Amino acid sequence: MKVGIKPWPLRTLREQWIRAKYERKEFCEPRNHLLYEEGMRDGMLMKRGRDNGQFFSRRFVLSEREGTLKYFTKYDAKEPKAVIKVDTINATFQPEKIGNPNGLQITYLKDYSTRNIFVYHDNGKEIVDWFNTIRAVQLHYLMVAFPGATDAELVHKLTRNFLKEGFMEKTGPRHTEGFKKRWFTLDQRRLMYFKDPLDAFAKGEVFLGNKDHGYSASPGLPAGTHCNGAWQHGVTIETPDRGFLFTCESESDQQEWLKHFNDVMDAVMSPQEYTMEALFKHRH
């Protein structure tokens, strides 16, 4: 099964898919050996520093056998800066956010919180090969974890694009604090908010469960709410534990966020999502 190259509407992916098909003949029979199916990758990527915002060359090592992605601050460093389990990784191209046509955002769970890593490579094929290798390693992991599943079922568990990203304003849990502008990322049932789109860690997260279990999203704000921010198009999310109040810049943006929230809340939860919900409540 070819899990890697797909003609997504991103310049780097589209270009490398065309080159793979017509220049490198990767999809011809008899089947060519594909580098991203070796289960191992070792190389240098430019990584954004967590605190200073500058990009530095870092060594990354992906191993299917170990089930990990590691990165090192120096090529010859003996100990990795981070060891990431492949089953928690998501990778999505973010050229506009990162400011590079080959920009890739890698996210993973660290102590049940989402950690963002932003990387790029000057060579488009190199970054696409990293993306495809991550997907191939994840597929092999899933084939072991779910031996009865079909390829079509497993491919939906691989890397994914975020449902929506963008700015909203939010207020605090007492609903008396001022509304502050934050960058929001909706990744399946996790709604995360950041002070800056390129922050390594979210300032907070909201778990969006099923509507039959006390979760809802509706337009507007509760009566009496003092909306002192710049934006007036309110969104209220209710969870079993508390309510969250947001405002959007435009009505169209408000409606788009609400559609995504309600689509998520209408969906049946998987066993893994019930586990995530329990962990989230324990953390908070």
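Numbers given for residues are sequential positions, taken from 1 along each chain in its written order. Since the coordinates come from a predicted model, pLDDT governs what is reported: local features require at least 70, and pairs of side-chain atoms require 80 or more to be given and counted, while whole-chain, interface and lining totals use all residues. The basis for every side-chain value is the complete set of heavy atoms in the structure, and neither hydrogens nor water enter the calculation.

As annotated in an unreviewed UniProt entry, the protein carries the name PH domain-containing protein and comes from Champsocephalus gunnari. UniProt positions are given in the numbering used here, feature names are shortened, and annotations may be inferred rather than shown by experiment. You can read under Subcellular location (unreviewed entry) in the UniProt record for the protein the words "Cytoplasm".

Okay, the overall build of the protein next. A run of DSSP states H or I qualifies as a helix once it reaches four residues; a run of E qualifies as a strand once it reaches two. Both are numbered from the N-terminal end. Secondary structure summary: the protein contains six helices and 14 strands in total. The buried share among the 284 residues of the protein stands at 46%. A contact between two residues is defined here by any heavy atoms of the two lying within 4.5 Å. Residue pairs in contact within the protein that sit at least 24 positions apart in sequence constitute 49% of those at least 6 positions apart. Looking at the protein as shown, the accessible area adds up to about 14900 Å², and 50% of this sits on carbon and sulfur atoms. Between buried and exposed lies partly exposed: a residue is buried under 20% and exposed over 50% of the maximum accessible area for its type, with that area taken using a 1.4 Å probe on protein chains only. Here the Shrake-Rupley method, with its probe set to 1.4 Å, supplies the accessible areas, and only the displayed protein chains count as covering residues.

With that settled, the discussion passes to helix α3 (residues 124-145). Taking 1.5 Å of rise per residue, 22 residues should cover 32 Å, and α3 covers 32 Å from first to last C-alpha, within 8% of that figure. Measuring from the side-chain oxygen of the N-cap residue of α3 to the backbone nitrogen of K125 gives 2.8 Å; that N-cap residue is N123. Expected helix span is taken as 1.5 Å per residue step, with the number of steps being one fewer than the number of residues. For the purposes of these results, a polar contact is taken to be a pair of N or O atoms within 3.5 Å, where, inside protein, one atom must be able to donate a hydrogen and its partner to accept one; residues adjacent in sequence count only when each atom of the pair is a side-chain atom.

All right, on to the side chain of S63 then. Tracing the backbone shows S63 in strand β2 (residues 55-63). Owing to a relative accessible area of 7%, S63 belongs among the buried residues under this scheme. A polar side-chain atom of S63 sits 3.5 Å from the main-chain amide nitrogen of R65.

Here we take up the layout of surface pockets. Where empty space is left in the structure can be found by rolling a water-sized probe over the atoms. One number sums up the size of the largest pocket: a volume of about 1600 Å³. Along the walls of the largest pocket sit 50 residues, with D87, T88, I89, L109 and R160 positioned nearest its centre. Only β1 (40-48), β2, β4 (82-85), β6 (104-110), β7 (113-120), α3 and α6 (271-283) provide two or more residues apiece to the lining of the largest pocket. Amino acids outside the nonpolar list (Ala, Val, Leu, Ile, Met, Phe, Trp, Tyr, Cys, Pro) and the charged list (Asp, Glu, Lys, Arg) are all regarded as polar, and Gly is one of them. The class makeup of the residues in the lining of the largest pocket is 20 nonpolar, twelve polar and 18 charged. Grid spacing is 1 Å over the protein atoms alone, the probe is 1.4 Å, and a cavity is where that probe fits but cannot get out, while a pocket is an open set with protein on both sides within 12 Å along at least five of seven lines and lining residues have an atom within 4 Å of a point. Grid points are joined across faces, edges and corners, and a volume is the space filled by probe spheres set on the points.

Before going further, it helps to examine the pairing of strand β3 (residues 68-72). With four of five residues buried, β3 lies mostly within the body of the structure. For β2 and β3, the ladder comprises five bridges, and the chain directions are antiparallel. Paired with L62 across the strands is L69, a residue of β3. A pair of strands is treated as paired once DSSP finds two or more bridges between them. Hairpin connection of β2 to β3: four residues between the antiparallel strands, including G67 at a positive phi of 70°. With four bridges connecting them, β3 and β4 associate as antiparallel partners. Looking across to β4, one finds that T68 is bridged to K85.

Bringing the packing of aromatic side chains into the picture now. In this scheme Phe, Tyr and Trp rings, the latter by its six-membered ring, pair at centre separations within 6.5 Å, and the angle between planes marks the pair as stacked below 30 degrees, edge-to-face above 60, and tilted otherwise. As enumerated under the stated definition, the model contains eleven aromatic pairs in all. Each ring, one from F184 and one from Y193, has its centre 5.6 Å from the other, and the planes form 40°; the classification is tilted. Residue F184 shares its accessibility class with Y193, and that shared class is buried. In textbook terms, an aromatic cluster arises when at least three aromatic residues are bridged by ring pairs, as seen for F184, Y193, F246, W257 and F261. Above the ring of Y75, the side-chain terminus of R59 is found at 4.5 Å from the ring centroid. The lysine or arginine in question, K181, covers the ring of F167, its NZ or CZ lying 4.5 Å from the ring centre. Only lysine NZ and arginine CZ atoms are considered, and such an atom sits over a ring when it is within 6 Å of the ring centre and within 35 degrees of the ring normal.

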